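# Coordinates in review
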Amino acid sequence: MNLLDAHFVPVVDGVAYGLLLFVVAAGLSLAFGTAGVLNLSHGTLYAIGAYTGAELSDGTWGGLAVGLAAGTAAAAAAGAGLSAATIPLARRGHLAQALLTFGLALIGGNLLIEFFGADDLPVRVPEALDSSVTLLGHRYPAYRLCFILMAVLLAAFGTWVLTRTRVGAAVRASADDPQMLATTGHSPRAVHTGVLAAAGALAGAAGVLGAPIIGPGAGTADTVLMLSLVVVVLGGLRSLWMTLLAAIAVGEVQTLGVSLAPDLAPYLLFAAMAAVLILRSRFTEPATAGAHGGEGGSDPVEWLRRRLSASFSGRRGAGAGPAAGPAAAAEKAVTGKAAADKREPVPSASGGPLSRLLRGGPDDGGLAARGRKAAPLLALLVLLIALPTLLDEYTLSLAGSALALGLLAISVAILTGYAGLPTLGQTAPFAVGAYATANLADAGWTAGPVQIVVAAIAAALFSLVTGPAVIRARGTTVLMITLAIGELASAAINQLKSLTGGADGLVGFPPTQALFGGEGMVEESEVYNYALAVAVIAVVVTVLVLRSPAGKLLTGTRNAEARMRASGHPVGRYLLIAHIGAGALAGVGGSLMVTVQQYLSPADVGFEIAAFALLAAVIGGSTSVIGALLGAGLIVFTRDWVAGSWPGHGPLLLGALFVAAVYLLPRGLAGLRLGSGPGGRGAAKADQLPADHDSVPAGKVAP
């Protein structure tokens, strides 16, 4: 009883916090499950309501009512605008939606700060609620108790509308069969707009009423979005009651969990999110290749177990299957690839020169043709080499940062474009490589080659551990799993202060030596030349691997996974190797970032950087190595150079870049048809983003 008394208030706080998250998550679930929109700006809709309600609050009931009406209406209008923005992307999958809505979130967050200020706004509640009441022998804030009642009523009203009214029936029909809905005289587009407006209204109302709990501030939108995603993942899209239970559980972790187990609480939510997603993918994604006679299917651990078992039992040469030896496996791989090539011809590379360069298509033979294709790349390399003589020190340091971010973007392109695994978590191996380099330098190991190798190995090992959780899922599920892995890595960074410095980061370690026994690099030109040399080597190795037979097999797993499995290819092993290789490349990028910046903070490896890397890969073309580098350069140029001439508006400019890239470059720079050859159309198709394979379609309304 004493324990219950001691934690009674945190328990009730958890209920209030959970009900607030439930109202927000219900809107997010409605947008995703019914309208098919993965809305990463949902936290901004909450912030719109919170800021509006706080601005209009004056400590009276009238002020609360006006704030509730205005905040709800403003967020609903923003939701309706979001519908108009996402309808053109209805056939392009959830990845394009995620990038667009993240860009809109950056724009909206910057505008809110510009209008309301960067400081947290005070919220004045009616005097009758600005007190405490006795609840089971404990004093408890009256407003929070009142909010619990209001949230329950709001949830009950929303459930009644969805399940008992004609409007709710139309909404459910739009999710199940929009074509059938159209035959009844209802416009699927109007329903789509109404659903997103309703989702925005729920977020806005929650923002107004929940402002005294999660107040309007600079980080409010991000906090609410992440927690709402956790609730939606844990509760699922099919049951509001499960969403309610998940929301209360998350609320309890955020309040009671922090007081009982402060060291574990940061990990619990995203660990649970990752676990649920992984378990769901085990039951909802395609069966392993072992069902078709393949080698271990998509589970590399099972493949390794079976291989070791076969070795110990002396049956290595017994069969003619893929385990019969490297020669048989190679023959089978070639046969499968030939069959795939026969059924799906490789697109021609006769588009424009920039398109061919960025796309990195197959070799068309001929010394002259090779020279023409290599000329733009050589010109780019000469320009990069000449930059120290053309730029000032600050701009040159930005170029070095762009090279580091570019390697991260290339690793994202490998997973997203070649392996078909869109990711928001590549900052995790990026962080492993960065912190490994910083700790090595702090311990006196300042030789650049040592730092690069150790960073790559550490990041590869991390990717080996996390790979089995990622490679089986597809589409939006991969995005959410990798997001959870990235957030778990961020939580670990903040907790392991002896290795990471926590929120303060690491600074003051010795500069890197380019070679063994040399002097530490202190001049910006020296650091840049070192970063350029490492980046060139990494890019060359990456391109050679991707153009090898192994790279073509990886592309085959994206384009015809079922056929690859049926022909006996161990798709899971291919994807795991790609995941490890991409992780190693990200680790090299993290090492370069530390060398260039000479400091390291959690913000350098957070969710925003993951989104930037994904955007860079999309800007360049999802299967373009050079394009990813150019995209990273454009992002760094916008974030640090252009924004420097307009202080305080960096997020606005980056958000505009997100939106422009999604609309204007649907296939990236590599998809630009600068030539008129017959291969232009087919070549462009090769650079489309991987399609989602979720049970929830991406968009229910034809544009």
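What you are looking at is a predicted structure, and each value in this text was computed from that prediction instead of being measured. (Residues numbered from 1 in each chain as written. Predicted model: local features only at pLDDT ≥ 70, side-chain atom pairs only at ≥ 80, totals over all residues. Heavy atoms only, no water.)

### Structural notes on helix 17 (residues 393-418)
Each α-helix winds once per 3.6 residues, and so residues spaced three or four apart point in a common direction. Here helix 17 spans 36 Å end to end across 26 residues, near enough to the 38 Å set by a 1.5 Å rise per residue. The element helix 17 is largely enclosed, with a buried count of 24 among its 26 residues. Among the residues of helix 17, the N-terminal cap falls to Asp392, whose side-chain oxygen and the backbone nitrogen of Tyr394 are separated by 3.1 Å. With its phi angle positive at about 70°, Gly420 sits one or two positions after the end of helix 17. (Helix = DSSP H or I, 4+ residues; strand = E, 2+ residues; numbered from the N terminus. Expected span 1.5 Å × (residues − 1). Buried < 20%, exposed > 50% of the residue type's maximum accessible area, 1.4 Å probe, protein only. Polar contact = N/O pair within 3.5 Å; in protein donor to acceptor, adjacent residues only side chain to side chain.)

### Details of the nonpolar core
Membership of the largest hydrophobic core comes to 158 residues, with the highest contact counts inside it found for Met273 and Leu407. Examining the composition of this core, we find that 16 residues originate from one element, helix 17, more than from any other. What Met273 contacts, discounting residues up to four positions off in sequence, is Val230, Val233, Leu234, Met480, Leu483 and Ala484. Core analysis: the next-biggest nonpolar cluster, separate from the first, contains 10 residues, Tyr51, Ala54, Leu112 and Leu121 among them. (Core = buried A, V, L, I, M, F, W, Y, C linked by side-chain atoms within 4.5 Å. Contact = heavy atoms within 4.5 Å.)

### Description of the packing of helix 3 (residues 42-56) against helix 5 (residues 93-116)
Packed helix pairs are characterised by how far apart their axes lie and by the angle those axes make with each other. At a closest axis distance of 10 Å, the pairing of helix 3 and helix 5 adopts a crossing angle of 10°. Considering their axes alone, helix 3 and helix 5 lie roughly parallel with respect to each other. Judged by the sense of rotation from one axis to the other, the crossing of helix 3 with helix 5 is left-handed. Note on element contacts: helix 5 touches helix 3 through Ala105, Gly108, Gly109, Leu112 and Phe116, opposite Thr44, Ala47, Ile48, Tyr51, Thr52 and Glu55. (Axes fitted to C-alpha atoms, helices over the stretch in contact; angles between N-to-C directions. Parallel < 35°, antiparallel > 145°, perpendicular 65-115°, else oblique. Left-handed = near helix turned anticlockwise from the far one by under 90°.)

### Overview of the pattern of salt bridges
In the structure shown here, the tally under the stated rule is 4 salt bridges. Of the charged contacts, one joins Arg474 and Glu561 as a salt bridge, the two residues approaching to 2.6 Å between their closest N and O atoms. Placement of the pair is Arg474 in the loop between helix 19 (448-470) and helix 20 (476-495) and Glu561 in helix 24 (residues 561-566), with a sequence separation of 87 residues. Per residue, the accessibility class of Arg474 equals that of Glu561, and both read buried. Between Arg639 and Asp640 there is a salt bridge, with the nearest N and O atoms lying 3.0 Å from each other. Connected through salt bridges with shared partners, the residues Arg474, Glu561 and Arg565 form a single ionic network. (Salt bridge = Lys/Arg side-chain N within 4 Å of Asp/Glu carboxyl O.)

### Here's the deal with unusual backbone geometry
The backbone of Gln598 sits at a positive phi, close to 65°, despite the residue not being glycine. Tracing the backbone through its elements, the reader meets Gln598 in the loop between helix 25 (571-597) and strand 4 (599-600).

### Topic: a nonpolar patch on the surface
Together, Leu378, Leu381, Ile385, Val536, Val540 and Leu544 make up an exposed nonpolar region whose accessible area comes to about 510 Å². For the nonpolar patch, the elements supplying multiple residues, two or more each, are helix 16 (367-390) and helix 22 (524-547). Inspection of the secondary structure puts Leu378 in helix 16. (Patch = residues over 30% accessible without salt bridge, like charges linked within 9 Å, V, L, I, M, F, W, Y side chains within 5 Å. Areas by Shrake-Rupley, 256 points an atom, 1.4 Å probe, with all protein chains shown as cover.)

### Considerations on a negative patch on the surface
The grouping of Asp392, Glu393, Glu523 and Glu526 at the surface amounts to a negative patch. Secondary-structure assignment places Asp392 in the loop between helix 16 and helix 17. (Lys, Arg positive; Asp, Glu negative; His and termini not counted. Charge placed at Lys NZ, Arg CZ, Asp CG, Glu CD.)

### Points about the packing of aromatic side chains
According to the stated counting rule, one finds 7 aromatic pairs in the structure shown. An angle of 35° between the planes, with centres 6.2 Å apart, marks the rings of Phe157 and Trp160 as tilted. Taken as a pair, Phe157 and Trp160 lie in helix 6 (residues 142-164) at a separation of 3 residues, close to a single helical turn. Classification of Trp160 by relative accessible area gives partly exposed; the value is 45%. Relative to Trp641, the ring of Phe637 has its centre 5.2 Å away and its plane inclined at 15°; by these criteria the two rings are stacked. With Phe637 and Trp641 both in helix 27 (residues 625-642), this residue pair falls 4 residues apart, about one helical turn. Classification of Phe637 as partly exposed rests on a relative accessible area of 41%. Each residue in the set Phe102, Phe607, Phe612 and Phe658 is aromatic and connected to the rest through ring pairs, giving one cluster. (Phe/Tyr/Trp six-rings, centres within 6.5 Å; stacked < 30°, edge-to-face > 60°.)

### So, helix 9 (residues 188-210)
Under the 1.5 Å per step criterion, the end-to-end length of helix 9 is 32 Å for 23 residues, consistent within 8% with the ideal 33 Å. Among the 23 residues in helix 9, 17 count as buried, and that is most of the element.

### Describing the packing of helix 2 (residues 8-33) against helix 11 (residues 240-260)
The interhelical angle for the contact between helix 2 and helix 11, taken along N-to-C directions, is 135°, at an axis separation of 7 Å. In terms of orientation, helix 2 lies oblique with respect to helix 11. Crossing of helix 2 over helix 11 shows right-handed handedness. Between helix 2, through Pro10, Val11, Asp13, Gly14, Val15, Tyr17, Gly18, Leu19, Leu21, Phe22 and Ala25, and helix 11, the contact on the second element is made entirely by Leu240, Thr243, Leu244, Ala247, Ile248, Val250, Gly251, Glu252, Gln254, Thr255 and Leu256. Grouping the amino acids of the contact of helix 2 with helix 11 by side-chain chemistry returns 14 nonpolar, 6 polar and 2 charged. (Nonpolar A, V, L, I, M, F, W, Y, C, P; charged D, E, K, R; others polar.)

### Re the pairing of strand 2 (residues 138-141)
Because side chains alternate across strand 2, one face comprises the buried residues His138 and Tyr140, and the other comprises Arg139 and Pro141, none of which is buried. Where strand 1 (residues 132-135) hands over to strand 2, the hairpin turn is made up of 2 residues, of which Leu136 adopts a positive phi near 50°. (Pairing = 2+ DSSP bridges.)

### Brief notes about the side chain of Thr423
Counting through the fold element by element, Thr423 comes out in the loop between helix 17 and helix 18 (427-442). At 3.0 Å, the side chain of Thr423 and the backbone nitrogen of Gly425 are in polar contact. For Thr423, the contacting residues outside a window of four places in its chain are Val412, Leu415, Thr416, Leu479, Thr482 and Leu614.

### Examining the confidence of the model for the chain
Per-residue confidence for the chain gives a mean pLDDT of 79, with 80% of residues at or over 70. Taken element by element, the chain is modelled with least confidence in helix 14 (residues 326-343), mean pLDDT 39, and with most confidence in helix 18, mean pLDDT 95. Here residues 673-703 is a poorly scored stretch, pLDDT under 50, and it has 81 contacts once near neighbours within four places are set aside; other chains count. (pLDDT = per-residue confidence, 0-100.)

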